[in-house]
Amino acid sequence: MILQPEDFWSFYEWLMRPDSFLESALLKGIVLILLAIVLGLIVGYVYSANRYGPGEGFYAVARAVRDLVRFDLPGTSIRRVFALARLAFKEAIRRKVLFVVGLFLVVLLLAGWYLNPESDDPARLYISFVLTATNYLILVLALFISTFSLPADIKNKTIYTIVTKPVRPTEIVLGRMLGFVAVGTVMLIPMGLASYLFVTRGLRHTHQEVVELEETSDGRLEGETDYIRYHKHSFSIDPDSGGVGLTDRVRGHRHLVTKNGDSFEIGPPIEALLARVPSYGEIQFYDRSGEPKEQGIDIGAERIDEGGYGSAGFARVIGLARGSRKITHGYVEGGTLGAAEFTFENVTPERYGNGIPVDLSLRAYRSYKGDIESGIRGSITMRHPTKEIESNPIAFVVDEYEVDEKVLPLEIEGTDNTETRMLNVFEDLVDEEGRLKLVIRCLDRAQYLGVTKSGVYLKPAENSFEWNLTKAYASIWLQMTMVIAFGVMFSTFLSGPVAMVATAVCVLLGFSAEQIYDTRHYIDAGIERGGGPIESMIRLLKQDAMTTQLDVDTVAAKVIKSADAGIVYTLDAIATALPNLPKMVSTAEYAASGFDIFGALLGRHAVATLGYCLLAFFISYFFLKSREIAA
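Residues numbered from 1 in each chain as written. Predicted model: local features only at pLDDT ≥ 70, side-chain atom pairs only at ≥ 80, totals over all residues. Heavy atoms only, no water.

Quick notes on the overall build of the protein chain
As a reminder of what qualifies: Counting from the N terminus, the helices are the DSSP runs of H or I reaching at least four residues and the strands are the DSSP runs of E reaching at least two. Only protein chains enter the area calculation, which uses a 1.4 Å probe; residues under 20% of their type maximum are buried, those over 50% are exposed, and those in between are partly exposed. Two residues form a contact once any of their heavy atoms are found within 4.5 Å. Methods summary: accessible areas were calculated by the Shrake-Rupley approach with a probe of 1.4 Å, and residue burial reflects only the protein chains presented.
Of the regular secondary structure elements, the protein chain holds 18 helices and 22 strands. Residue burial in the protein chain is summarised as follows: out of 631 residues, 46% are buried. Of the contacts formed within the protein chain by residues at least 6 apart in sequence, a portion of 71% connects residues at least 24 apart. Accessible surface, the protein chain as shown: approximately 31,300 Å² in total, 60% of it carbon and sulfur.

Here we look at the pairing of strand E21 (residues 447-451)
Condition: When DSSP finds two or more bridges between a pair of strands, those strands are recorded as paired.
For E21, the buried fraction is high: 5 of the 5 residues fall into the buried class. Residues Gln447, Leu449 and Val451 line one face of E21 and the alternating positions Tyr448 and Gly450 line the opposite face, and both faces are buried. Relative to E21, strand E10 (residues 330-333) runs antiparallel, the two being bridged by 4 bridges. Bridging from a neighbouring strand, tyrosine 331 pairs with glycine 450 of E21. Across 4 bridges, the pairing between strand E13 (residues 363-366) and E21 is antiparallel. The residue of E21 that forms the bridge with arginine 363 is glycine 450.

Observations concerning the side chain of aspartate 287
Rules: Polar contact is the term for a pair of N or O atoms within 3.5 Å; when the atoms are in protein, one must be able to donate a hydrogen and the other to accept it, and sequence-neighboring residues count only if both atoms are side-chain atoms.
If you trace the backbone, aspartate 287 turns up in the loop between strand E8 (282-286) and strand E9 (292-293). There is a polar contact of 2.8 Å between the side chain of aspartate 287 and the backbone nitrogen of glutamate 291.

Here we look at the sheet that holds E10
Keep this limit in mind: Axes, fitted as lines to C-alpha atoms, cover a helix only where it is in contact. Angles between the N-to-C directions of the axes lie from 0 to 180 degrees.
One open sheet accounts for 3 strands, arranged E10-E21-E13; its pairing is antiparallel. Where the open sheet ends on each side, the last strands, each with one partner, are E10 and E13. Shown here is a sheet whose adjacent strand axes are inclined to one another by a mean of 30 degrees, direction ignored.

As for the packing of helix H3 (residues 54-72) against helix H18 (residues 599-626)
Put simply, the rule reads: With respect to orientation, any angle under 35 degrees is reported as roughly parallel, any angle over 145 as roughly antiparallel, any angle of 65 to 115 as roughly perpendicular, and every other angle as oblique. Each crossing gets its hand from how the near helix is turned against the far one by less than a right angle, where anticlockwise is left-handed and clockwise is right-handed. For this scheme, ten residues count as nonpolar: Ala, Val, Leu, Ile, Met, Phe, Trp, Tyr, Cys and Pro. Four count as charged, namely Asp, Glu, Lys and Arg, and the remainder, Gly too, count as polar.
Where H3 meets H18, the axes come as close as 10 Å, and the angle between the chain directions of the two elements is 115 degrees. It follows that H3 is roughly perpendicular to H18 by the angle criterion. Judged by the sense of rotation from one axis to the other, the crossing of H3 with H18 is right-handed. Contacts between H3 and H18 involve Ala64, Val65, Asp67, Leu68 and Asp72 from the first element and Phe618, Tyr621, Phe622 and Lys625 from the second. Of the residues assigned to the contact of H3 with H18, the class counts are 6 nonpolar, no polar and 3 charged.

Brief notes about a nonpolar patch on the surface
Going by this rule: Patches here are clusters of residues that have more than 30% relative accessible area and form no salt bridge, with a 9 Å joining cutoff for like charges and a 5 Å cutoff for nonpolar side chains (Val, Leu, Ile, Met, Phe, Trp, Tyr). One speaks of a salt bridge when a side-chain nitrogen belonging to Lys or Arg is within 4 Å of a carboxyl oxygen belonging to Asp or Glu.
The grouping of Phe21, Leu26, Ile30, Leu34, Ile37, Leu41, Val65 and Val69 at the surface amounts to a nonpolar patch, some 650 Å² of accessible area in total. For the nonpolar patch, the elements supplying multiple residues, two or more each, are helix H2 (25-52) and H3. The element that contributes the greatest number of residues to the nonpolar patch is H2, accounting for 5 residues. Mapping leucine 26 onto the fold places it in helix H2.

Side note on the packing of helix H6 (residues 122-156) against helix H11 (residues 465-491)
It is at 8 Å that the axes of H6 and H11 come closest, and there the two elements cross at 25 degrees. The angle between the axes of H6 and H11 places the two elements in the roughly parallel class. For the pair H6 and H11, the sense of crossing is right-handed. The residue inventory of the contact of H6 with H11, partitioned by class, reads 18 nonpolar, 7 polar and no charged.

What about the packing of aromatic side chains?
The cut-off we apply is this: Side-chain rings of Phe, Tyr and Trp, where Trp is taken by its six-membered ring, are said to pair if the distance between their centres is within 6.5 Å; with planes under 30 degrees apart they count as stacked, over 60 as edge-to-face, and otherwise as tilted.
Scanning the model with the defined rule gives 18 aromatic pairs in all. Taking 5.9 Å as the distance between ring centres and 55 degrees as the angle between the ring planes, the aromatic pair formed by tyrosine 365 and tyrosine 448 counts as tilted. Taken together, the residues span a long stretch of sequence, with tyrosine 365 in strand E13 and tyrosine 448 in strand E21 at a distance of 83 residues. Relative accessible area serves as the criterion here: at 33%, tyrosine 365 is assigned to the partly exposed category. Exposure remark for tyrosine 448: the relative accessible area of 17% places this residue in the buried category. Between the aromatic rings of tyrosine 457 and phenylalanine 595, the centroid separation amounts to 5.4 Å while the plane-to-plane angle is 65 degrees, which identifies the pairing as edge-to-face. Of the two residues, tyrosine 457 is situated in strand E22 (residues 456-462) and phenylalanine 595 in the loop between helix H17 (587-593) and H18; the sequence distance between them amounts to 138 residues. We classify tyrosine 457 as buried; its relative accessible area is 0%.

Quick notes on the sheet that holds strand E2 (residues 221-225)
If you trace the 6 strands from one edge of the open sheet to the other, you get E1-E2-E3-E4-E5-E6, paired in antiparallel fashion. Two strands in the sheet have a free side with no partner beyond their single neighbour: strand E1 (210-215) and strand E6 (263-270). Mean inter-strand twist for the sheet, computed between neighbouring axes without regard to direction, equals 25 degrees. Across 5 bridges, the pairing between E1 and E2 is antiparallel. When the sheet's bridge partners are listed, glutamate 214 is paired in E2 with glutamate 222.

Regarding the confidence of the model for the protein chain
Filter applied, for reference: Known as pLDDT, the predictor's confidence for each residue is given on a scale from 0 to 100.
Of the residues in the protein chain, 89% reach a pLDDT of 70 or more, and the chain-wide mean stands at 84. The model gives residues 302-325 a pLDDT under 50, and that stretch makes 73 contacts with residues more than four places away or in other chains.

Side note on the nonpolar core
So the rule is basically this: To form a nonpolar core, buried Ala, Val, Leu, Ile, Met, Phe, Trp, Tyr and Cys residues must be joined to one another through side-chain atoms within 4.5 Å.
One finds Leu131, Ile138, Met187, Phe198, Val199 and Phe486 to be the most contacted residues of the largest nonpolar core, which totals 77 residues. Going through the elements one at a time, helix H4 (78-94), helix H5 (99-114), H6, helix H8 (169-203), H11, helix H12 (496-511), H17 and H18 are the ones with two or more residues in this core. If sequence neighbours within four positions are ignored, methionine 187 has contacts with Val97, Leu98, Val100, Val101, Ile138 and Leu141. By size, the runner-up hydrophobic cluster in this structure holds 33 residues, among which are Phe342, Leu410, Val425 and Leu436.

Take a look at the structure:
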């Protein structure tokens with residue numbers, strides 16, 4: 001999992017952006033709401049003018065604004081809102097929406113037949129599956145119940161039993177939203193519990209016996225477990241460990257091995273369901289001559305430079321540009337002075353009393369085949385931030401497909417200027433401000449190590465997997481709430497099927513936001529990647545490769561590219577204004593990868609959801625106010 005720069009922001013940094021308030025989420029949200037209000041008033045005036053005439057249309061819009069501010073908002077009753085929410089809840093239950101929970105349970109029962117039993121990381125596979133299945137089922141459910149209810153009531157005239165009573169449009173909208181959210185919440189709880197049981201029971205297994213055992217010259221016992229579920233483990237037990245040892249990590253887990261007399265007891269899997277609380281540092285690259293560089297070596301993988309996610313045209317004017325950089329791995333050349341240096345804060349004895357746990361998620365790039373079986377070698381060196389004191393390098397072999405967990409010792413031999421002596425990490429290598437540097441190098445000449453800021457981190461603590469899974473489901477709940485708000489909004493002025501399609505288009509555009517940003521960037525940069533929708537369609541019909549020049553005359557090519565640019569810029573502006581759902585869905589990747597979901601990340605999603613729900617509420621009010629449904 002590669003984190004982008006904005007993923008490291010705290011909630012305050014995301015909301016206020018002290019370094020650039022114009023890029024803050026608060027300002028962007030205010031601008032978006034103001035623009036939506038202005039556009040809504042314009043659309044409302046055009047609709048009213050066409051219906052009543054220019055003068056009366058203006059007064060109709062003014063009366064709607066006056067009623068909202070003066071009567072409906074101050075007069076909204078919490079008791080009536082909850083009564084309408086209870087009515088919407090009962091209505092949804094009568095439509096037998098709870099069958100989705102049963103469908104989810106059936107999916108879980110059948111999933112064991114199709115999930116790959118030989119997966120290298122079954123925990124990631126199981127967690128990704130349950131979160132993805134829950135996400136899609138809940139979003140589809142939210143789409144249906146929120147878009148068909150109100151149009152059906154208006155069509156069947158059952159809405160008259162409500163509007164003839166002292167009920168305000170604000171209460172109708174809020175009641176519908178809260179009722180449908182309650183339905184989704186009631187369904188998410190059993191789905192979450194079933195998911196937890198599915199994951200824990202699916203990973204539960206034990207090895208029954210030790211099949212190979214030998215004693216080394218220093219008294220250490222080394223052995224192997226039996227072959228269960230397509231894998232086995234190696235383990236060792238030191239003579240001074242009290243007969244307790246730990247197996248190696250295979251398929252994302254270990255086992256505790258205990259020697260009882262002449263027999264061995266192998267415990268259940270551990271460290272399979274994790275919620276790592278990482279402590280990230282600042283990264284600095286050095287080239288082959290030891291000079292500092294902003295980025296590592298580019299080996300040819302795609303990289304989107306500064307502004308790659310920024311939005312142009314209308315979106316940039318209103319300040320909604322993402323304005324960040326898409327980060328890929330920066331590579332360090334082996335056998336040279338090239339290095340990636342990480343500076344970590346708050347390295348204290350209280351947080352790291354038993355060693356410095358560091359996790360490595362590195363990539364390897366081979367410029368020649370070499371010895372594939374032995375792997376590419378790297379090293380870690382602990383260094384003082386300001387003094388010429390550093391430890392001796394600690395060698396390791398890169399494992400690209402696993403998180404390589406290491407514990408750096410608190411006592412280690414190293415150099416103090418020109419003197420070689422034993423160093424204490426907290427006394428000799430950590431400065432007064434609690435900072436420590438780790439230097440990652442590649443030891444094999446002409447080979448390369450790929451590093452990102454999120455690829456090397458300290459692990460001062462671990463959170464509960466159960467709590468982490470709960471936060472992942474909280475993110476799904478926020479997505480569901482947002483879809484319900486948009487569904488209710490569209491249902492106030494569209495028929496059920498059309499409202500469902502409109503809501504689905506908003507959701508799909510939100511999921512496609514990243515691809516739209518990339519397409520716009522490549523069009524701006526003049527990079528040939530198949531072009532926009534029109535050019536891509538022509539290439540498909542002519543079966544042209546996307547990296548070649550478009551095989552049409554010059555005038556036609558200019559017209560096609562101009563039309564594509566207009567379409568892509570329009571989609572870019574729309575996608576920028578819509579919820580960035582890929583960022584919300586990414587919380588599932590945190591849980592599946594074994595990382596604790598940041599509280600700041602959930603806070604951002606919650607605030608964004610609240611903002612879009614408020615926007616949908618006001619739009620719903622004005623459209624419902626304009627409907628002639630009063631008796």
